[in-house]
Amino acid sequence: MAESIIIRVQSPDGVKRITATKRETAATFLKKVAKEFGFQNNGFSVYINRNKTGEITASSNKSLNLLKIKHGDLLFLFPSNLAGPSSEMETSAPQGLKACGAPNVVEDEIDQYLSRQDGKIYRSRDPQLCRHGPLGKCVHCVPLEPFDEDYLNHLEPPVKHMSFHAYIRKLTGGADKGKFVALENISCKIKSGCEGHLPWPNGICTKCQPSAITLNRQKYRHVDNIMFENHTVADRFLDFWRKTGNQHFGYLYGRYTEHKDIPLGIRAEVAAIYEPPQIGTQNSLELLEDPKAEVVDEIAAKLGLRKVGWIFTDLVSEDTRKGTVRYSRNKDTYFLSSEECITAGDFQNKHPNICRLSPDGHFGSKFVTAVATGGPDNQVHFEGYQVSNQCMALVRDECLLPCKDAPELGYAKESSSEQYVPDVFYKDIDKFGNEITQLARPLPVEYLIIDITTTFPKDPVYTFSISQNPFPIENRDVLGETQDFHSLATYLSQNTSSVFLDTISDFHLLLFLVTNDVMPLQDSISLLLEAVRTRNEELAQTWKKSEQWATIEQLCSTVGVQLPGLQEYGAVGGSTHAASSAMWACQHCTFMNQPGTGHCEMCSLPRT
């Protein structure tokens, strides 16, 4: 029997080992390669050299020994659609990476935009150091790459984490242009389908066993800045704590834009805060099930917004006369507790970042965490964070636990008969100054946190209108602020702007119109949402003439608040008959009756 040899074959998907013999023909060997990689016989080419020279043809007359292919040699496979000249392979880095990633995913608009940008940091000619003409370049003025650490460290303030797209440029740089680079998500679970042994806990092998994890500071971040459009958005959220002293929670809705202060940076702009059902105390928060969550996301999408993060308060009043708060989160305590890190990791796993360079189609997350807490000056400050991809993996696979008596520490679970947990390590400095590796039981959560600057613009931006008498925020019944038609009628009577779009452009008001139990407008509000998104007054006036808005005005009039301009509806919006023929609510039992009836169909009392 001929001696078996193992030949390695490298493809854009990785390296595989093919078992063959020295006397085996090239045609037989290529059939084995096709079967192993799942190709058709003519769907690929195999070369002896990386630069696509020495192609192995499907010859029945040449053996591997004749082709001088020995045990352990490395061959190079290229699919037929990538098997052109090597110059075509190296013209664009994304083309090479596409073979390792997920080509059928659609990235976010901001990611598509930044991938087309040059990203280099251009510098002007230094009059003291540059000794060349105006058209020349030297080491003192040549453009820098967006991942240049020396440049980032000399910014004011210094930037510890490069942007995610700068990190991609770093991976795709160099001579090979990152042909075989793939952004792989970390897995802490045993690989399924291993048939060589009994399932865990009765057996495990190196093929299915997840690798140990050594926690490192993540060099990049997916979002580089959080910006609230204006102070009113944050102040209305803080009003709950000011009135009750209890902590509060909310979801940030906004959009992702370019952050020009950092090369290829991304900014999360916050336009509104939605407050879901919750129970808050002075030192705890409990989220309740939200039946309106999907509807809120749909309305936000029609307004051109998306859920970009979450925010919570951690405020304790220090001096009520001065209006100061306690400075409790600092380097001597913690910035995020282990429980908050696990919650942030869970949110980030639920909102993954779509990425074409990952075999899974997603990598990391752009979902941010904002904390309203006391600052060094004992005033309310907003701090922004994310957790690392390593933390996301530990949370996703249920390997990380909080410590009850030490909020600054987490704890990596130990393996049990129900779950195998890989070893988790972190590096530390001992009392002698030596770098040591320790088991993450317990684990300082600083290894999991990425800080993000949180700012307010010098020139405020207003996606939604600002009113002196705003519409109540949802789920604030504990304050006596309820969303009903009485509060809607009060809001409309106090905001008598001649521009209907300014009156109706309130995020919480639009949510009420869609989600109220009496007359939800989910199927007929698309035109109004488009008007708010595009700031089009004509579209808003067109929707105002609809029968739905006439019914809303009639419902508001039944609660004892007369709306200004209701009598002129016929002159503004068409016929008075349209308003009178709308459904009406009974003043006694609030039942919605059909138009044209003089008595309530439920309680039989007269309409007036």
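The structure presented is a predicted model; accordingly, all values stated were derived computationally and were not measured.

Asks: What should I look at first to understand the overall build of the chain in this one?
Replies: What the chain contains, in helices and strands, is 18 helices and 27 strands. Taken across its 608 residues, the chain has 44% of its residues classed as buried. When the accessible surface of the chain is totalled, it reaches about 32000 Å², and 49% of it is carbon and sulfur.

Asks: What exactly am I supposed to notice about the nonpolar core here?
Replies: Burial of nonpolar side chains together is a common tendency in soluble globular proteins. Membership of the largest hydrophobic core comes to 74 residues, with the highest contact counts inside it found for Leu-488, Ile-504 and Leu-513. For this core, the element with the highest residue contribution is helix H13 (residues 507-515), accounting for seven residues. Structurally, this core is a two-domain feature, drawing no fewer than three residues from each of domain 2 (219-409 + 445-453) and domain 3 (475-557). Among residues more than four places away in sequence, those in contact with Leu-513 are Leu-488, Ile-504, Met-519, Pro-520, Leu-521, Ile-525, Leu-528 and Ile-552. Grouped together as the second largest cluster of nonpolar side chains are 26 residues, Val-233, Val-308, Val-368 and Phe-382 included.

Asks: Whenever I open this one, helix H14 (residues 526-534) confuses me. Can you help?
Replies: Note on helix geometry: an α-helix contains 3.6 residues per turn, so any two residues three or four positions apart are oriented the same way. Taken residue by residue, H14 has Leu-528, Leu-529, Ala-531 and Val-532 as its buried positions. Burial along H14 is one-sided: seen end-on, the buried residues are contained in an arc of 155°. Among the structural elements, helix H8 (293-302), helix H12 (500-504), H13 and helix H15 (537-544) are those in contact with the buried residues of H14. Arg-535 occupies a position one or two residues after H14 and carries a positive phi of about 55°.

Asks: Please clarify how the environment of His-486 should be interpreted in this entry.
Replies: Along the chain, His-486 falls in helix H11 (residues 485-494). For His-486, a relative accessible area of 42% puts it in the partly exposed group.

Asks: How do you make sense of the UniProt feature "domain: MPN" (unreviewed entry) in the chain when you look at a structure like this?
Replies: Following the UniProt record, one finds the feature "domain: MPN" (unreviewed entry) at residues 226-363. Across residues 226-363, the secondary structure splits into 27% helix and 36% strand, with the terminal C-alpha atoms separated by 20 Å.

Asks: Is there a simple way to think about the pairing of strand S22 (residues 424-429) in this case?
Replies: As a general feature of sheets, a regular strand has side chains that alternate between the two faces. Pairing analysis gives three bridges linking strand S6 (residues 213-215) to S22, with the strands arranged parallel. The residue bridging Ile-213 from the neighbouring strand is Val-424, located in S22. In the sheet, S22 pairs with strand S23 (residues 435-439) via five bridges, with the strands oriented antiparallel. Counted as the bridge partner of Ile-429 is Glu-435 from S23. In this structure, the hairpin formed by S22 and S23 is closed by a connection of five residues, where Gly-433 is found at a positive phi of approximately 85°.

Asks: Explain the packing of H8 against H13 here, please?
Replies: Packed helices, taken two at a time, are described by the angle their axes make and the gap between the axes. It is at 11 Å that the axes of H8 and H13 come closest, and there the two elements cross at 125°. In terms of their interaxial angle, H8 and H13 are classed as oblique. The chirality of how H8 crosses H13 is right-handed. Packed against H8, whose contacting residues are Val-295, Val-296 and Ile-299, the element H13 presents Phe-507, Leu-511, Val-514 and Thr-515 at the interface.

Asks: Explanation requested: the packing of helix H9 (residues 338-350) against helix H10 (residues 389-396) in the structure shown.
Replies: H10 packs onto H9 with a crossing angle of 90° between their chain directions and a minimal axis gap of 8 Å. By the criterion of interaxial angle, the relationship of H9 to H10 is roughly perpendicular. Residues Cys-341, Ile-342, Gly-345, Asp-346, Gln-348 and Asn-349 of H9 lie in contact with H10, whose contacting residues are Cys-391, Met-392, Val-395 and Arg-396. Within the contact of H9 with H10, the residues separate by chemical class into five nonpolar, three polar and two charged.

Asks: Just checking my understanding: could you explain the domain arrangement of the chain for this structure?
Replies: How large an interface is tends to be reported as the accessible area lost when its parts come together. According to the domain assignment, the chain consists of domain 1 (2-77), domain 2 (219-409 + 445-453) and domain 3 (475-557). One C-alpha centre belongs to domain 2, the other to domain 3, and the line joining them spans 29 Å. With 22 residues of domain 2 at the interface, the matching set in domain 3 holds 17 residues. Both faces combined, the contact of domain 2 with domain 3 buries some 1700 Å², and carbon together with sulfur accounts for 66% of it. The three residues of domain 2 that bury the most area against domain 3 are Ile-299, Lys-302 and Leu-303, which together make up 34% of that side's buried surface. We note a salt bridge from Arg-476 to Glu-275, for which the minimum N-O separation is 2.8 Å. At the level of secondary structure, the elements contributing two or more residues to the side of domain 2 that touches domain 3 comprise helix H7 (231-244), strand S10 (265-274) and H8. It is H7 that contributes the most residues to the side of domain 2 that touches domain 3, six residues altogether.

Asks: Honestly, the sheet that holds S22 in this entry has me stumped. Any pointers?
Replies: Within a sheet, each strand pairs with its neighbour through backbone hydrogen bonds, oriented either parallel or antiparallel. Pairing is mixed across the open sheet formed by three strands, whose spatial order is S6-S22-S23. Strands at the two margins of the open sheet, each flanked by one partner only, are S6 and S23. Shown here is a sheet whose adjacent strand axes are inclined to one another by a mean of 35°, direction ignored. The sheet strands contacting H10 are S6 and S22, and the helix crosses S6 at an angle near 135°.

Asks: Honestly, the packing of aromatic side chains in this entry has me stumped. Any pointers?
Replies: Ring pairs (aromatic) are described by centroid distance and by the angle formed between their planes. Going through the model one piece at a time under the given rule, you end up with 24 aromatic pairs. Both rings, one in Tyr-426 and one in Tyr-447, keep their centres 5.1 Å apart while their planes meet at 55°; by these two values the pair is tilted. In this pair, Tyr-426 sits in strand S22 while Tyr-447 sits in the loop between strand S24 (443-444) and strand S25 (449-455), placing the two residues 21 residues apart along the sequence. On the accessibility criterion, Tyr-447 (22% relative accessible area) is partly exposed. Each member of the aromatic cluster is reached from another via a ring pair, and the members are Phe-249, Tyr-251, Trp-310, Phe-312, Phe-347 and Phe-367. The ring centre of Phe-78 lies 4.4 Å from the NZ or CZ of Lys-52, which sits over that ring. Residue placement shows Lys-366 over the ring face of Tyr-256; its charged tip is 5.5 Å from the ring centre.

Basis of the calculations
Residues numbered from 1 in each chain as written. Predicted model: local features only at pLDDT ≥ 70, side-chain atom pairs only at ≥ 80, totals over all residues. Heavy atoms only, no water. Helix = DSSP H or I, 4+ residues; strand = E, 2+ residues; numbered from the N terminus. Buried < 20%, exposed > 50% of the residue type's maximum accessible area, 1.4 Å probe, protein only. Areas by Shrake-Rupley, 256 points an atom, 1.4 Å probe, with all protein chains shown as cover. Core = buried A, V, L, I, M, F, W, Y, C linked by side-chain atoms within 4.5 Å. Domains from an automatic or database assignment. Contact = heavy atoms within 4.5 Å. Arc of directions from axis to C-beta. UniProt positions renumbered as here; feature names shortened; annotations may be inferred. Pairing = 2+ DSSP bridges. Axes fitted to C-alpha atoms, helices over the stretch in contact; angles between N-to-C directions. Parallel < 35°, antiparallel > 145°, perpendicular 65-115°, else oblique. Left-handed = near helix turned anticlockwise from the far one by under 90°. Nonpolar A, V, L, I, M, F, W, Y, C, P; charged D, E, K, R; others polar. Buried area = accessible area lost by both parts, 1.4 Å probe. Salt bridge = Lys/Arg side-chain N within 4 Å of Asp/Glu carboxyl O. Phe/Tyr/Trp six-rings, centres within 6.5 Å; stacked < 30°, edge-to-face > 60°. Lys NZ or Arg CZ within 6 Å of the ring centre and 35° of its normal.

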